Amino acid sequence: MLKRETARKSPIEYEKMQEHLDMLEEIYKAEEQIASGEGIAHEDAKALLLRRYGSPDFLEVDEIEKPAPAGDEVLVRVHAVSINDWDWALILGTPFIPNRLMTGLLRPKIVVGSDIAGRVETVGSKVTRFKPGDEVFGDLSGCGFGGFAEFVCAPESALMFKPPKMSFEQAAAIPQAGMLALQGIAAGQTHKPGQTVLINGAGGGVGSIAIQLLKLHQVEVTGVDAAAKLEAMKLWGYDHVIDYAAQDFTRSGKRYDLILDVKTDRPLADYEHALNPHGVYATVGGQLPRLLQVACSRFRFWRTSEKTLSVVALKANRDLHYFNELFGSDKFKPVIDSVYAFSEADVRKAFHHFGTSAHKGKIVVST
Ligand SMILES: NC(=O)c1ccc[n+]([C@@H]2O[C@H](COP(=O)([O-])OP(=O)(O)OC[C@H]3O[C@@H](n4cnc5c(N)ncnc54)[C@H](OP(=O)(O)O)[C@@H]3O)[C@@H](O)[C@H]2O)c1
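Note that this is a predicted model, so its numbers are computed, not measured.

Chemist: Give me the lowdown on the overall build of the protein, citing residues and values where you can.
Modeler: Across its full length, the protein carries eleven helices and 15 strands. Counting across all 367 residues of the protein, residues that qualify as buried make up 41%. If you take every contact in the protein between residues at least 6 apart in sequence, the share linking residues at least 24 apart comes to 68%.

Chemist: So what's going on with the site of the ligand? Which residues, and what values?
Modeler: Looking at the ligand, there are 27 residues lining it, with Gly201, Gly204, Gly205, Gly285 and Ser357 nearest. If you list the elements that add at least two residues to the shell around the ligand, you get α2 (85–92), α5 (175–188), α6 (205–215) and β9 (220–225). Its residues assigned to classes, the shell around the ligand comprises twelve nonpolar, ten polar and five charged. Per-domain counts for the shell around the ligand show at least three residues from each of domain 2 (44–174 + 334–366) and domain 3 (176–311).

Chemist: How would you explain the environment of Ala154 if you had to name every residue and give the values?
Modeler: Inspection of the secondary structure puts Ala154 in strand β6 (residues 151–155). For the pair formed by Ala154 and Val76, sequence separation is 78 residues and the distance between their alpha carbons is 7.5 Å. Non-local contacts of Ala154, meaning those with residues more than four positions away in its chain, are made with Glu73, Val74, Val76, Gly138, Leu140, Cys143 and Leu159.

Chemist: Can you break down the nonpolar core residue by residue, with the values?
Modeler: Counting residues in hydrophobic clusters, the biggest one holds 93 residues, and the most contacted among them are Val76, Ala172 and Ala210. The element that contributes the greatest number of residues to this core is α5, accounting for seven residues. When we break this core down by domain, the ones giving at least three residues each are domain 2 (44–174 + 334–366) and domain 3 (176–311). Apart from residues lying up to four places away in sequence, Ala172 is in contact with Ala80, Val81, Ser82, Asp115, Ile116, Ala117, Phe137 and Val364.

Chemist: Any chance you could break down the environment of Leu75 for me, citing the residues and the numbers?
Modeler: Here Leu75 shows up in strand β3 (residues 73–82). When the 21 C-beta atoms within 10 Å are taken as the criterion, Leu75 is described as buried. Separated by 43 residues in sequence, Leu75 and Gly118 place their C-alpha atoms 9.7 Å apart. Residues within four places of Leu75 in sequence aside, it is in contact with Pro67, Ala68, Pro69, Glu121, Thr122, Phe151 and Cys153.

Chemist: How would you explain the pairing of strand β14 (residues 336–341) if you had to name every residue and give the values?
Modeler: Bridge analysis of β14 against strand β15 (residues 362–366) gives five bridges, and the strand direction is parallel. Across the sheet, the residue bridging to Tyr340 is Val365, located in β15. Note on the crossover from β14 through helix α11 (residues 344–356) to β15: the handedness is right-handed.

Chemist: Pulling in residues and values, what's your account of the confidence of the model for the protein?
Modeler: Mean pLDDT over the protein stands at 90; residues scoring 70 or higher make up 87%. This stretch, residues 1–7, has a pLDDT under 50; its non-local contacts, to residues over four places away or in other chains, come to five contacts.

Chemist: Please provide a residue-by-residue account of unusual backbone geometry, values included.
Modeler: For the bond running from Thr94 to Pro95, omega is -10°, close enough to zero to count as cis. Along the chain, Pro95 falls in the loop between α2 and α3 (96–103). Positive phi, normally seen in glycine, also occurs at Phe145, with a value near 55°. Within the secondary structure, Phe145 is located in the loop between β5 (135–139) and β6.

Chemist: Lay out the pairing of strand β8 (residues 196–200) with the relevant residues and their values.
Modeler: Of all five residues that make up β8, four are buried, and the element is covered over most of its length. As paired elements, β8 and strand β11 (residues 256–261) share four bridges and run parallel to each other. For Val197, the partnering residue across the bridge sits in β11 and is Leu258.

Chemist: Before we move on, can you summarise the packing of α5 against α6 with the specific residues and values?
Modeler: Two measures define how a pair of helices packs: the angle their axes make with one another and the distance between the axes. It is at 8 Å that the axes of α5 and α6 come closest, and there the two elements cross at 50°. Relative to α6, α5 is oriented oblique. Crossing geometry of α5 relative to α6 is assigned as right-handed. Contact residues: Ala177, Gly178, Leu180, Ala181, Leu182, Gly184 and Ile185 in α5; Gly205, Val206, Ile209, Ala210, Leu213 and Leu214 in α6. Of the residues in the contact of α5 with α6, the class split is ten nonpolar, three polar and no charged.

About the criteria used
- The residue numbering used here restarts from 1 in each chain and proceeds along that chain's sequence as written.
- Reporting in this predicted model follows two pLDDT cut-offs: at least 70 for local features of residues, and 80 or more for side-chain atom pairs to be given and counted; totals over whole chains, interfaces and linings ignore these cut-offs and use all residues.
- Comment: elements are numbered from the N terminus, with helices defined as DSSP H or I runs of at least four residues and strands as E runs of at least two.
- Counting other C-beta atoms within 10 Å of a residue's C-beta gives its exposure: the residue is buried at 20 or more, exposed at 12 or fewer, and partly exposed in between, where C-beta atoms are placed from the backbone.
- In this description, any two residues whose backbone-derived C-beta atoms lie within 7 Å of each other are considered to be in contact.
- Only the C-beta atom, placed from the backbone, is used; a residue is near a molecule or strand if that atom lies within 6 Å of it.
- Lys, Arg, Asp and Glu make up the charged group, whereas Ala, Val, Leu, Ile, Met, Phe, Trp, Tyr, Cys and Pro make up the nonpolar group; the residues left over, Gly among them, are polar.
- Domain borders in the structure are assigned automatically or taken from a domain database.
- The term nonpolar core means buried Ala, Val, Leu, Ile, Met, Phe, Trp, Tyr and Cys residues held together as one set by C-beta atoms within 7 Å.
- Pairs of strands are assigned from DSSP output, requiring at least two bridges between the strands.
- If the strands point away from the viewer and the path from the first strand over the helix to the second runs clockwise, then the crossover is right-handed.
- Within a predicted model, pLDDT stands for the predictor's per-residue confidence, ranging from 0 to 100.
- What counts as an axis is a line fitted to C-alpha atoms, over the stretch in contact for a helix, and the angles between N-to-C directions run from 0 to 180 degrees.
- For classification purposes, angles smaller than 35 degrees are called roughly parallel, those larger than 145 roughly antiparallel, those between 65 and 115 roughly perpendicular, and all remaining angles oblique.
- Two helices that cross are described as forming a left-handed crossing if the nearer one is turned anticlockwise from the farther one by less than a right angle, and a right-handed crossing if clockwise.

Given below as structure tokens:
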């Protein structure tokens, strides 16, 4: 409480002083209220919550407190979000380590979704590149996920301007798969016409982008995937397609300058066998035990061979401007398998569709 000094003041002075004191008291009260959160109306916003690990059936759309951006963050109103393998792994809660160490051992404490596109709602005090109304996209896997929501906060460094002609759905389909495709291809240095590339797991997000990047250099590309995807893959530009259930490409006798592997489902020696003398094997993903096996055999690989092994670690969002340029000059278009609505039933369906692996290209949810 403020102590009121009343001695030796005229009635007019006293009244003025009283007014000032009342005003100050109101300010102090408001400050205390803000500090305690009492009486402040928090806005709510929809988000996709994972109630238990194990299945998309444990996903629920519910209201949470609308996030507020920190100094270097941007609050984005999400318009589209795409599904990635990492979202799927977080929903299943596997592998137990490291996933559950990051997101809660028994009770998941995460809103999944890394690849978002949306409109800037507000910006933190230190943000310099963006302003409210800007259209942006980016991969939030390095900064806490949270994309399956009406609003998400992201550091400005995780975001790129979305070209006006690119739809939100197209933009959300690019970041993670695009960077993995680009960084996997870069590991192989395959830019000369006539070089040969094989993509293992070629019909999904990474493969549908990698083929477009490789075809800018007239490289000959073979895609390996399930029989049901091969026709679509030919339309995207693959010169040759192989059904992995019918043929083992490592035993066909054909050799490649680059094998870009999304699945890593064989011992390294098999891949080595299918490489040209100076060929590169670049893995971007697969099952953890296989990846560890491959990473461990790299020492033998390097000692005894001219061939190169590269384990690609995602550098998120690094070259999104390149995709903007290619899109602007009609040299690249994201392949979207399907678009779902942001309702509980539809999002569950979208993840089940991803889980069956029937998608060709990317699955997007429009929020
Ligand atoms: N390196 C990093 O830092 C990093 C970061 C993020 C993600 N990742 C990884 O990058 C990958 C993302 O790839 P993506 O988005 O393209 O995945 P995706 O959309 O799921 O595509 C994978 C494709 O591989 C096919 N496939 C399954 N088994 C196969 C086999 N034995 N041989 C050949 N193809 C097979 C799948 O089809 P069917 O299942 O129908 O057969 C599917 O079409 C994931 O492995 C993910 O874990 C890596």
